[in-house]
Amino acid sequence: MPEIAFLNGEFMPIEEAKVPVDDRGYQFGDGVYEVIESYAGQLWALERHLNRLRRSLSETGISGITVEEVREWILETHRKSGISRALVYVQITRGVAPRKHAWMTTPLRPTLLITVRRFVPVPEELRESGVRAITVPEIRWARRDIKSINLLPNVLAAQRAWERGAFEAIFVDGGYVTEGAATNVFAVRDGKLLTPAEGPHILPGITRGLVIEIAREEGIGVEEGSLALEVVMKADEVFLTGTGIEVLGVTSIDGWTVRDGKVGPVTRRLFEAFMERVEKGFDAS
Ligand code: PLP
């Protein structure tokens, strides 16, 4: 069960995958990506991830590659690895060219990298206890709906969270929560979910979308709109969603304890309902 990489048509051990220094991903962060989890050998919500990738490619004008070919390589790399519980990373950069901001009209060959690694789950204790979060000022660009590899503000925010012993940093823009450094944010008030609406200010998380659908199926109301930090602080429950964490309770924000400091019943129920669908092989595509 080797962890492997696929780079521009070739399979290799991850540490042997190398890109030229003039790759525009390396020079400018000029690329897009996806992270996909597999459960019991099945790539979870693959088509949803591919649809988002298609959109990221089109919004950034990265051409010369089709999502259909990317799908085949993802399936092949995952299959070759033999890892049934994997985290699959897919990155497409605009390609290699002498460093110049505009790519102009020169047709570049995009760089496609796929890595498949064994998935490391959230420790059971954290899932039980819930996690700490901090808030950070929103300093990102205005197209956060594109899953760009340009992640410097997210990296700085996540580092700050780590330094403070927190699991996640939540961006706050003018008193309103947008999302976490690598997660979407939900609050629960009076049994109903509140979460920022989709738009250019957040990434349309695949897990977020699935959790909203599951909640509605379970008869839990969902309100998508602006989410004030004040509302989050006073919520009955707060949780994060994302590939790799599924649904994870937040029990403290900036040192303030959310309600009684325990992972709440709605968070637990949604996590269980999510995992039930995974285990039943529910088609999340
Ligand atoms: N928001 C940001 C900024 C992210 O980077 C991620 C995932 O990496 C998410 C939300 C969650 O998205 P998904 O559920 O598709 O993993």
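The rules behind these values
Residues numbered from 1 in each chain as written. Predicted model: local features only at pLDDT ≥ 70, side-chain atom pairs only at ≥ 80, totals over all residues. Heavy atoms only, no water. Domains from an automatic or database assignment. Buried area = accessible area lost by both parts, 1.4 Å probe. Salt bridge = Lys/Arg side-chain N within 4 Å of Asp/Glu carboxyl O. Polar contact = N/O pair within 3.5 Å; in protein donor to acceptor, adjacent residues only side chain to side chain. Helix = DSSP H or I, 4+ residues; strand = E, 2+ residues; numbered from the N terminus. Nonpolar A, V, L, I, M, F, W, Y, C, P; charged D, E, K, R; others polar. Near = heavy atom within 4 Å. Areas by Shrake-Rupley, 256 points an atom, 1.4 Å probe, with all protein chains shown as cover. Core = buried A, V, L, I, M, F, W, Y, C linked by side-chain atoms within 4.5 Å. Buried < 20%, exposed > 50% of the residue type's maximum accessible area, 1.4 Å probe, protein only. Axes fitted to C-alpha atoms, helices over the stretch in contact; angles between N-to-C directions. Parallel < 35°, antiparallel > 145°, perpendicular 65-115°, else oblique. Contact = heavy atoms within 4.5 Å. Pairing = 2+ DSSP bridges. Expected span 1.5 Å × (residues − 1).

A.B. asks: Help me understand the domain arrangement of the protein, please; the structure alone is not making it clear to me.
C.D. replies: How big an interface is tends to be stated in terms of accessible area lost as the parts join. What the domain assignment reports for the protein is domain 1 (4-118) and domain 2 (124-279). One C-alpha centre belongs to domain 1, the other to domain 2; they are set 26 Å apart. Where domain 1 abuts domain 2, roughly 1,900 Å² becomes buried across the two surfaces, and 59% of that area is made up of carbon and sulfur atoms. Applying the counting criterion to the domain 1 and domain 2 interface returns 3 salt bridges. The salt bridge partner of D145 is R55, with a shortest N-O separation of 2.9 Å. At the junction of domain 1 with domain 2, the criterion picks out 11 residue pairs in polar contact (both at pLDDT 80 or more). Of all the elements in the fold, those that place two or more residues in the side of domain 1 that touches domain 2 are α1 (24-28), β3 (31-39), α2 (46-60) and β5 (86-93). The residue makeup of the side of domain 1 that touches domain 2, split by class, is 10 nonpolar, 8 polar and 8 charged.

A.B. asks: Please clarify how the site of the ligand should be interpreted in this entry.
C.D. replies: Contacts to the ligand come from 16 residues, most closely from R52, E179, I206, T207 and T243. In this structure, R52 approaches the ligand through a side-chain N or O atom, which is 2.9 Å from an oxygen atom. In the environment of the ligand, an oxygen atom lies 2.6 Å from a nitrogen or oxygen atom belonging to the side chain of T207. In isolation the ligand has 390 Å² of accessible area, and contact with the protein removes 93% of it. Its residues assigned to classes, the shell around the ligand shows 5 nonpolar, 8 polar and 3 charged.

A.B. asks: Just checking my understanding: could you explain the nonpolar core for this structure?
C.D. replies: Burial of nonpolar side chains together is a common tendency in soluble globular proteins. Core analysis: the largest hydrophobic core is formed by 24 residues, its most contacted members being W44, L193, L210, V211, F239, L270 and F274. Elements supplying a minimum of two residues to this core: β10 (184-189), α6 (206-217) and α8 (265-279). The element best represented in this core is α8, accounting for 7 residues. When we break this core down by domain, the ones giving at least three residues each are domain 1 (4-118) and domain 2 (124-279). Ranked by size, the runner-up nonpolar core spans 22 residues in total, among them L53, I62, I65 and I92.

A.B. asks: Looking at this model, I keep getting lost on the pattern of salt bridges. Mind explaining?
C.D. replies: Tallied over the full model, the rule gives 25 salt bridges. As a salt-bridge pair, R79 and E76 come within 3.1 Å of each other at their nearest N and O atoms. Within this pair, R79 and its partner E76 are both found in helix α3 (residues 67-81), separated by 3 residues, close to a single helical turn. Taking relative accessible area as the criterion, E76 reaches 25% and is therefore assigned partly exposed. Across the salt bridge formed by E218 and R277, the nearest N and O atoms sit 3.8 Å from each other. Of this pair, E218 sits in the loop between α6 and β12 (222-225) while R277 sits in helix α8, and the two are 59 residues apart along the sequence.

A.B. asks: Teacher, can you tell me more about the packing of α6 against α8 here?
C.D. replies: Describing two packed helices takes the angle between their axes plus the distance from one axis to the other. Put simply, α6 and α8 touch, their axes get as near as 10 Å, and they point 105° apart. Between α6 and α8, the crossing angle belongs to the class labelled roughly perpendicular. Of the residues in α8, those in contact with T207, L210, V211, I214, A215 and E217 of α6 are L270, A273, F274 and R277. For the contact of α6 with α8, the residue count by class is 7 nonpolar, 1 polar and 2 charged.

A.B. asks: When you look at unusual backbone geometry in this model, what are you seeing that I'm missing?
C.D. replies: Glycine aside, a negative phi is what most residues show, and trans is what most peptide bonds show. Look at N8: it is not a glycine, yet its phi comes out positive at around 45°. By the element assignment, N8 lies in the loop between β1 (4-7) and β2 (10-13). By relative accessible area, which is 30% here, N8 ends up partly exposed. Even without glycine at this site, A45 takes up a positive phi of about 55°. Tracing the backbone through its elements, the reader meets A45 in the loop between β4 (42-43) and α2.

A.B. asks: Quick question: what am I supposed to make of the sheet that holds strand β6 (residues 111-118) here?
C.D. replies: Strand pairing in a sheet relies on backbone hydrogen bonds, with the paired strands running either antiparallel or parallel. One open sheet accounts for 6 strands, arranged β2-β1-β6-β5-β3-β4; its pairing is antiparallel. Of all strands in the sheet, those bounded by a partner on one side alone are β2 and β4. Relative to β6, β5 runs antiparallel, the two sharing 8 bridges. Following the sheet pairing, V88 is matched in β6 by V116. On the sheet, α3 packs against β1, β2, β3, β4, β5 and β6 and is oriented at approximately 30° with respect to β6.

A.B. asks: What's the story with α8 in this structure? I'm lost.
C.D. replies: Note on helix geometry: an α-helix contains 3.6 residues per turn, so any two residues three or four positions apart are oriented the same way. If you check α8, its first and last C-alpha atoms are 21 Å apart, about what 15 residues at 1.5 Å a residue would give, namely 21 Å. Of the positions making up α8, those classed as buried are V266, T267, L270, F271, A273, F274, M275, R277 and V278. Just downstream of α8 lies G281, where phi reads positive at about 70°.

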